[in-house]
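Structural overview
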Amino acid sequence: MANKKISQLTSASALAGTEVLPIVQGGTTKKVTAQAIADLAAGGGSQPLVLDIIADGTVVSNNQQVRPVTMGYITTASGNQSIEVKTFLEVYFGQGATSTTVTLPTFDIGSLNVSNANQLVTLSLPAFTTAINTGMAIFSVNNCQSLTTINIPVLATLPSNTWFSFSGNALSQATVDTLLAKFVASGATNNQVYLDGGANATPSSAGLASKATLVSRGWTISHN
Amino acid sequence: MYIQADQNNVKTTTAPSWRLVHNGTTVLVLKEQACVIATGEGNELFVAATEAECLAEIARLGLIKPDYIQ
């Protein structure tokens with residue numbers, strides 16, 4: 001195999017992830033697996049973070065805890081970021097938490113405020129049925145510059161005469177449309193919703209139809 | 001300047017400006033935006049070049065400004 005060009009080698013079959021490739025790191029030639037490279041491309045090497053509503057102070061994984069108090073923080077090199085989940089729990093992200101996906105699998109009733117979580121791409125709330133006003137927050141996700149997707153498949157109940165803000169994210173058109181459709185289905189009235197700023201997508205024709213329904217119910221809608 | 005309702009009774013604008021939305025009693029929106037904003041029956045949409053103009057309108061009408069609106 002000596003003195004053979006790469007172009008002369010036999011093509012590999014489908015990768016399993018365990019294959020070893022050479023890299024240069026810090027001036028030294030080292031080996032790395034194909035899976036490690038795939039992980040890096042998928043999300044900067046971070047792992048999805050699944051948080052459950054569990055016992056007070058339980059450590060979910062390194063640097064993450066769930067505690068039933070009032071405020072949580074993500075702290076990274078880019079500055080303070082926070083996820084507050086009022087009513088039931090605090091989600092705490094310690095130094096180095098870089099998850100691009102956050103899932104709260106049993107969070108069903110309460111209020112949620114996510115802000116400035118720059119690495120966050122997907123926020124999943126598969127059990128979230130009811131947003132309530134707990135004084136400082138209801139349902140707001142702001143200034144998460146990478147956030148494209150908010151999964152709220154069973155959200156059905158929202159308060160009226162209040163506001164919801166999703167400004168400064170990178171929400172996909174599907175997520176924008178879904179939020180508007182969920183607001184319509186809730187039957188809530190006289191609210192304000194902000195879907196503006198950042199790289200949030202414009203609503204599709206279906207989203208604009210939802211918007212028209214909401215405006216007829218006294219809502220004020222801001223969108224890109 | 002107040003935005004007049006269209007044939008669907010919607011008040012909307014896309015022009016970058018300070019926006020004040022109120023219901024005659026309470027401030028609902030007070031924000032500088034460059035996006036689409038739309039509101040419906042029962043609400044008024046006031047647009048201005050400066051925040052000061054919106055604050056003057058709030059004072060003129062004696063509107064309540066909730067704490068969450070800066």
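For the structure given in this document, a descriptive report is provided here. (Residues numbered from 1 in each chain as written. Chains lettered and ligands numbered in written order. Predicted model: local features only at pLDDT ≥ 70, side-chain atom pairs only at ≥ 80, totals over all residues. Heavy atoms only, no water.)

What to know about the overall build of chain A
In terms of regular secondary structure, chain A is built from three helices and 17 strands. Every one of the 224 residues in chain A was classed for burial, and the buried ones make up 44%. Of all intrachain contacts in chain A linking residues separated by at least 6 positions in sequence, the fraction that spans at least 24 positions is 59%. Taken as a whole, chain A presents about 10,700 Å² of accessible surface, with 55% of it coming from carbon and sulfur. (Helix = DSSP H or I, 4+ residues; strand = E, 2+ residues; numbered from the N terminus. Buried < 20%, exposed > 50% of the residue type's maximum accessible area, 1.4 Å probe, protein only. Contact = heavy atoms within 4.5 Å. Areas by Shrake-Rupley, 256 points an atom, 1.4 Å probe, with all protein chains shown as cover.)

Brief notes about the interface of chain A and chain B
Contacts between the two partners involve 14 residues from chain A and, on the opposite side, 15 residues from chain B. Counting the surface lost from both chain A and chain B, the interface buries some 1,100 Å², and carbon and sulfur atoms represent 53% of this. Counting the contacts that link chain A with chain B gives one salt bridge. The salt bridge involving B:Lys31 is made with A:Asp196; its shortest N-O contact spans 3.4 Å. Counting across the chain A and chain B interface gives six residue pairs in polar contact (both at pLDDT 80 or more). For the side of chain A that touches chain B, the secondary-structure elements that each account for two or more residues are β16 (192-195), α3 (205-216) and β17 (220-223) of chain A. Considering each element in turn, the side of chain A that touches chain B owes the most residues, four residues, to β17(A). (Buried area = accessible area lost by both parts, 1.4 Å probe. Salt bridge = Lys/Arg side-chain N within 4 Å of Asp/Glu carboxyl O. Polar contact = N/O pair within 3.5 Å; in protein donor to acceptor, adjacent residues only side chain to side chain.)

Digging into the environment of A:Ile138
Examined against the element boundaries, A:Ile138 turns out to sit in the loop between β12 (130-131) and β13 (139-142). When the C-alpha atoms of A:Ile138 and A:Val154 are compared, they prove to be 16 Å apart, with 16 residues separating the residues in sequence.

Description of the nonpolar core
Residues and elements named next belong to chain A. Phe 139 and Phe 166 are the most contacted members of the largest nonpolar core, which has 37 residues in total. Of all the secondary structure elements, the ones that give two or more residues to this core are β10 (109-115), β13, α2 (173-186), β16 and α3. It is α2 that contributes the most residues to this core, five residues altogether. When residues no more than four places from it in sequence are discounted, the contact partners of Phe 139 are Leu 112, Leu 125, Phe 128, Ala 131, Ile 150, Ile 152, Leu 155, Phe 164, Ser 165, Phe 166 and Leu 179. (Core = buried A, V, L, I, M, F, W, Y, C linked by side-chain atoms within 4.5 Å.)

So yeah, pure geometry; function would need other evidence.
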